[in-house]
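Listed below, chain by chain, are the residues.
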Amino acid sequence: MSDQAKPYPDIPADAPFSAEELEAAAAANEHDAAAQLENTMAELESLKAKVSELTDQALRAQAEAQNTRRRTDEEIVKIRKFAVEGFAEGLLPVLDSLEAALAIDHATAEQLREGTEATLRQLLSAMERNKVIEVNPAAGSKFDPTQQQAISMVPADQEPNTVVSVLQKGYLIADRVLRPALVTVAAPK
């Protein structure tokens, strides 16, 4: 047999494997490679499907987060817009009382005083319902800079840094200072 007639011319004739064995081994290797390629392609398709599924989930989660943020922002705008509504409803009877008082042409001083006191009670009630609390420290109480503003220090027969008098009441709303009480404070001796 010449070198051209041999199926594997590079393999010497005295090689440990026969041409048929080598051909069978090559076919087996080719079959294994094809099977491995097929497995790899199937795994690739599976991973592509998983990536697609995770991408879809991520996009949905992102869209849900954006929708939640948008709904929250809209709710905050509504809350801010209508936050004063309850307080305004409480003030309407006060407004009605003041208008009714002004509608009386010939009211006596006693009637005016009585009406004013009733209107003041309505106003205080509306303030209390809306958690607006008066800050009116008693004379001799310790000065509290978180709720009071010292206008001046005056010599007094009491402990230093205590309230001597209140020039203007202060107010808190939900434990936050709306307006500090303006006070005079006893000076150190």
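To be clear, the structure that these remarks concern was listed above.
Each value, and the rule that gives it
- Residues numbered from 1 in each chain as written.
- Predicted model: local features only at pLDDT ≥ 70, side-chain atom pairs only at ≥ 80, totals over all residues.
- Heavy atoms only, no water.
- 1 Å grid on protein atoms, 1.4 Å probe; cavity = no way out; pocket = protein on both sides within 12 Å on 5 of 7 lines; lining within 4 Å.
- Points joined across faces, edges and corners; volume = space filled by probe spheres on them.
- Helix = DSSP H or I, 4+ residues; strand = E, 2+ residues; numbered from the N terminus.
- Nonpolar A, V, L, I, M, F, W, Y, C, P; charged D, E, K, R; others polar.
- Core = buried A, V, L, I, M, F, W, Y, C linked by side-chain atoms within 4.5 Å.
- Buried < 20%, exposed > 50% of the residue type's maximum accessible area, 1.4 Å probe, protein only.
- Contact = heavy atoms within 4.5 Å.
- Pairing = 2+ DSSP bridges.
- Axes fitted to C-alpha atoms, helices over the stretch in contact; angles between N-to-C directions.

A closer look at the layout of surface pockets
So, point 1. Looking at the largest pocket, its volume works out to about 180 Å³.
So, point 2. Lining the largest pocket are S97, L98, A100, A101, I104, A107, Q111, L112, G115, T116 and T119.
So, point 3. Those elements that provide at least two residues to the lining of the largest pocket are α2 (85-103) and α3 (109-129).
So, point 4. Ranked by residue count, the leading element in the lining of the largest pocket is α3, at five residues.
So, point 5. Tallied by class, the residues present in the lining of the largest pocket amount to six nonpolar, five polar and no charged.

Overview of the nonpolar core
So, point 1. One finds V135, F143, V163, L172, A181, V183 and V185 forming the largest nonpolar core, which totals seven residues.
So, point 2. With three residues, strand β6 (residues 181-186) is the largest single contributor of residues to this core.
So, point 3. When sequence neighbours within four positions are dropped, the list of residues in contact with V185 reads F143, A150, S152, M153, V154, N161, T162 and V164.

Here's the deal with the sheet that holds strand β2 (residues 148-154)
The strands that make up a sheet are held in pairs by hydrogen bonds between backbone atoms, and each pair lies either parallel or antiparallel.
So, point 1. One open sheet accounts for three strands, arranged β2-β6-β3; its pairing is mixed. The open sheet has two edge strands, β2 and β3 (163-168), and neither has a second partner. Pairwise comparison of adjacent strand axes, ignoring direction, gives a mean angle of 30° for this sheet.
So, point 2. Note that β3 and β6 share four bridges and pair antiparallel. Looking across to β6, one finds that Q168 is bridged to L182.

Some thoughts on unusual backbone geometry
The general pattern is negative phi for most residues beyond glycine and trans for most peptide bonds.
So, point 1. Residues other than glycine seldom take positive phi values, yet A174 does so here, at roughly 50°.
So, point 2. In this fold, A174 is placed in the loop between β4 (170-173) and β5 (176-179).
So, point 3. One non-glycine residue, D175, adopts positive backbone phi at about 65°.
So, point 4. Inspection of the secondary structure assignment puts D175 in the loop between β4 and β5.

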